[in-house]
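# Inside the fold
Residues per chain are reported as follows:
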Amino acid sequence: MQLTSVNLDQLSALVHDVKLPPTQRFAVPEFKVLSYKGQYQSRADAIYILATAKAAHEAWYSHGLVIDFGELHYRGGDEMAWVLQVGQQPPLDCPFPLAFVVGPGCEAGLRSLLELGLQRPVTFKEYCTDSLESAVKLVAAKRTAFQHCRDQWLKTPKN
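Summarised in this report is the structure supplied together with it. (Residues numbered from 1 in each chain as written. Predicted model: local features only at pLDDT ≥ 70, side-chain atom pairs only at ≥ 80, totals over all residues. Heavy atoms only, no water.)

## Details of the side chain of Asp45
With respect to the helices and strands, the residue Asp45 is situated in helix α1 (residues 43–59). The charged side chain of Asp45 is buried without a salt bridge, its nearest counter-charge being Arg75 at 11 Å. At a separation of 2.5 Å, a polar atom in the side chain of Asp45 contacts the side chain of Ser12. (Helix = DSSP H or I, 4+ residues; strand = E, 2+ residues; numbered from the N terminus. Buried < 20%, exposed > 50% of the residue type's maximum accessible area, 1.4 Å probe, protein only. Lys, Arg positive; Asp, Glu negative; His and termini not counted. Salt bridge = Lys/Arg side-chain N within 4 Å of Asp/Glu carboxyl O. Polar contact = N/O pair within 3.5 Å; in protein donor to acceptor, adjacent residues only side chain to side chain.)

Structure, rendered in structure tokens:
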């Protein structure tokens, strides 16, 4: 049987990095930061972002997620919306605490995607900010809303 070896790096020329804040051993971090750099060119880049973000979320679970696109060049491509799925916990219908750091190379593309291109448009400010510090604050605020939503869902009788 002939098989071809594949890996995620073959999908995209983008590079990523995962960082965690200092935490106590065995404690779940409040957030993690995934950074992406490079030129977004196609659906394969969206697949790379989604796959690496989901893998990082599984490997280093945290209570919130900041995706830093500050050094990403993105003009368009609907598949980028897939990144909104990272952290979602079906059947729980509560948005996971997620924020994006945007830079000049991706701000217009993400604004267009989020506000115009989704079935359920969201506001740009609902997810995006221009600094890591403000993104961490946004995730903290979203975490409170997520916990409230999850608590309400748990109290609701399931058929």
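## Digging into the nonpolar core
Grouped together as the largest cluster of nonpolar side chains are 35 residues, with contacts concentrated most on Ile49, Phe69, Met80, Phe100 and Leu110. Elements with a contribution of two residues or more to this core: β2 (32–39), α1, β3 (65–73), β4 (98–102), α2 (107–116) and α3 (124–127). When neighbours within four sequence positions are excluded, Leu110 is seen to be in contact with Phe69, Tyr74, Met80, Val102 and Phe124. Grouped together as the second largest cluster of nonpolar side chains are seven residues, Phe31, Val66, Ala99 and Ala135 included. (Core = buried A, V, L, I, M, F, W, Y, C linked by side-chain atoms within 4.5 Å. Contact = heavy atoms within 4.5 Å.)

## Things to note about the pairing of β3
Both faces of the sheet carry side chains from a regular strand, because those side chains alternate between them. Judged from the seven bridges that link them, β2 and β3 form a sheet pairing that is parallel. Each bridged residue has a counterpart across the sheet, and for Val33 the counterpart in β3 is Val66. With α1 bridging β2 and the parallel β3, this β-α-β connection has right-handed handedness. Across five bridges, the pairing between β3 and β4 is parallel. For Asp68, the partnering residue across the bridge sits in β4 and is Val101. (Pairing = 2+ DSSP bridges. Right-handed = clockwise from strand over helix to strand, strands pointing away.)

## Quick look at the state of the cysteines
One covalent bond between the sulfur atoms of two cysteine residues makes up a disulfide. On inspection of all chains with the given rule, the structure shows one disulfide. Disulfide partner of Cys94: Cys149, at an S-S distance of 1.9 Å. Residues Cys94 and Cys149 are joined by a disulfide whose S-S torsion is about -80°; by sign, that bridge is left-handed. Remark: Cys149 occurs in helix α4 (residues 132–155) and Cys94 occurs in the loop between β3 and β4; sequence separation between them is 55 residues. Cysteine Cys106 is unpaired, with the sulfur of Cys128 as its nearest cysteine sulfur at 7.6 Å. (Disulfide = S-S within 2.5 Å.)

## Remarks on the packing of aromatic side chains
Inspection of the entire model under this criterion finds seven aromatic pairs. Aromatic side chains Tyr36 and Tyr48 sit 6.5 Å apart centroid to centroid with 85° between the ring planes, which places their arrangement in the edge-to-face category. Taken together, the residues Tyr36 in strand β2 and Tyr48 in helix α1 connect sequence positions twelve residues apart. Note on Tyr36: relative accessible area 0%, which makes it buried. By way of ring pairs, the aromatic residues Tyr36, Tyr48, Phe69, Phe100 and Tyr127 are connected into one cluster. Over the ring of Phe124 we find Arg111; its NZ or CZ atom is 3.9 Å from the centre of that ring. For the cation-ring pair, Lys142 lies above Tyr127, with the distance from its terminal atom to the ring centre recorded as 3.6 Å. (Phe/Tyr/Trp six-rings, centres within 6.5 Å; stacked < 30°, edge-to-face > 60°. Lys NZ or Arg CZ within 6 Å of the ring centre and 35° of its normal.)

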